[in-house]
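Listed below are the residues making up each chain.
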Amino acid sequence: MSGEDIDCFEMDVHMSVLEGSLGILPRRLMVLDDDLDQARRILRDHDFELEDL
């Protein structure tokens, strides 16, 4: 999300070691509360499915 000026931290990056690199475990992006609505809107605009929390 650097192109949108939203700082983020990708979590669960190294989980593929545990799952055997199948890519079945979701990864999470952490953003600041102030950026959450914009980040969710951008991801939806790019056809990412998001969980409603």
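Before reading on, note that the structure itself is shown above.
In this text the structure is predicted, and so the values were computed from the model without any measurement.

Calculation notes
- Residues numbered from 1 in each chain as written.
- Predicted model: local features only at pLDDT ≥ 70, side-chain atom pairs only at ≥ 80, totals over all residues.
- Heavy atoms only, no water.
- Helix = DSSP H or I, 4+ residues; strand = E, 2+ residues; numbered from the N terminus.
- Buried < 20%, exposed > 50% of the residue type's maximum accessible area, 1.4 Å probe, protein only.
- Lys, Arg positive; Asp, Glu negative; His and termini not counted.
- Salt bridge = Lys/Arg side-chain N within 4 Å of Asp/Glu carboxyl O.
- Contact = heavy atoms within 4.5 Å.

Colleague: For this particular structure, what's the right way to read the side chain of Arg40?
Modeller: Locating Arg40 in the fold gives a position in helix H2 (residues 36–45). We classify Arg40 as buried; its relative accessible area is 18%.

Colleague: Whenever I open this one, the side chain of Asp35 confuses me. Can you help?
Modeller: Locating Asp35 in the fold gives a position in the loop between strand E2 (28–31) and H2. The charged side chain of Asp35 is buried without a salt bridge, its nearest counter-charge being Arg41 at 9.1 Å. Look past the residues within four positions of Asp35 in its chain and what remains in contact with it is Ile6 and Asp7.

Colleague: Please explain the environment of Asp7 as it appears in this structure.
Modeller: Of note, Asp7 is situated in the segment before strand E1 (8–11). Given a relative accessible area of 60%, Asp7 falls into the exposed group. If we ignore the near neighbours within four places in the chain, the residues touching Asp7 are Met30, Val31, Leu32 and Asp35.

On their own, these measurements won't tell you what the molecule is for.
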